[in-house]
Amino acid sequence: MLERTLVIVKPDGVRRGLVGEVLRRLERAGLRIVGLKMLHLSRPLAESLYAQHRGKEFFEPLIEFMTSGPIVAICIEGDNAVSRVRALIGPTNPAEAPKGTIRGDFGSNIRENVVHAADSLQHAQREIALLFREEELIS
Ligand code: CMP
């Protein structure tokens, strides 16, 4: 099924010059970039993006980190894009992520793990709508 999902290069990935590497891996996998922007997340937007984690012990430091510098938001389209992107980035904890995945190759720790990707089609739609207006996405 043709799906759209959201990928974010987190502040650590931007600081370390990994934007091009993430885009290259997505394109090489045959996924299509349909939206792309760099921005500095406001606290309310970061909290909304991660609303499902509110109340967890890592929530506050996660919001601090995600608002610590610019991010790059990428809207990706392709067959089964949600699961294919999740496979490309690897598990949340870089220590458990296989080599060849983005987090396995570049992640520093469970919080500073270079990229975020939506974990379901439902979350993807919600997250895309938080970061892109309809007219900012190509058809
Ligand atoms: P992400 O895929 O963006 O989704 C939620 C984020 O919270 C996750 O990547 C990590 O950056 C962070 N996170 C998840 N679990 C933990 C944890 N146990 N400790 C610190 N940060 C976490």
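Thresholds applied
Residues numbered from 1 in each chain as written. Predicted model: local features only at pLDDT ≥ 70, side-chain atom pairs only at ≥ 80, totals over all residues. Heavy atoms only, no water. Helix = DSSP H or I, 4+ residues; strand = E, 2+ residues; numbered from the N terminus. Near = heavy atom within 4 Å. Polar contact = N/O pair within 3.5 Å; in protein donor to acceptor, adjacent residues only side chain to side chain. Areas by Shrake-Rupley, 256 points an atom, 1.4 Å probe, with all protein chains shown as cover. 1 Å grid on protein atoms, 1.4 Å probe; cavity = no way out; pocket = protein on both sides within 12 Å on 5 of 7 lines; lining within 4 Å. Sits in = over half its atoms within 2 Å of the grid points.

Draft legend 1. Layout of unusual backbone geometry. Despite not being glycine, Asn80 has its phi angle at roughly 50°, a positive value. Mapped onto the elements of the fold, Asn80 is located in the loop between strand 3 (71-79) and helix 5 (81-89). Even without being a glycine, Val114 presents a positive backbone phi close to 75°. Tracing the chain through its elements places Val114 in the loop between helix 6 (102-106) and strand 4 (115-117).

Draft legend 2. Just the site of the ligand, in detail. Around the ligand lies a shell formed by Lys10, Tyr50, His53, Phe58, Leu62, Thr92, Arg103, Ile110, Arg111, Asn113 and His116. Contact distances for the ligand include 2.9 Å between an oxygen atom and a side-chain N or O atom of Arg103. At a separation of 3.0 Å, an oxygen atom of the ligand approaches a polar backbone atom of Arg111. Protein chains bury 84% of the 450 Å² of accessible surface belonging to the ligand in isolation. Counting atoms within 2 Å of the grid points, the majority share of the ligand lands in the largest pocket.

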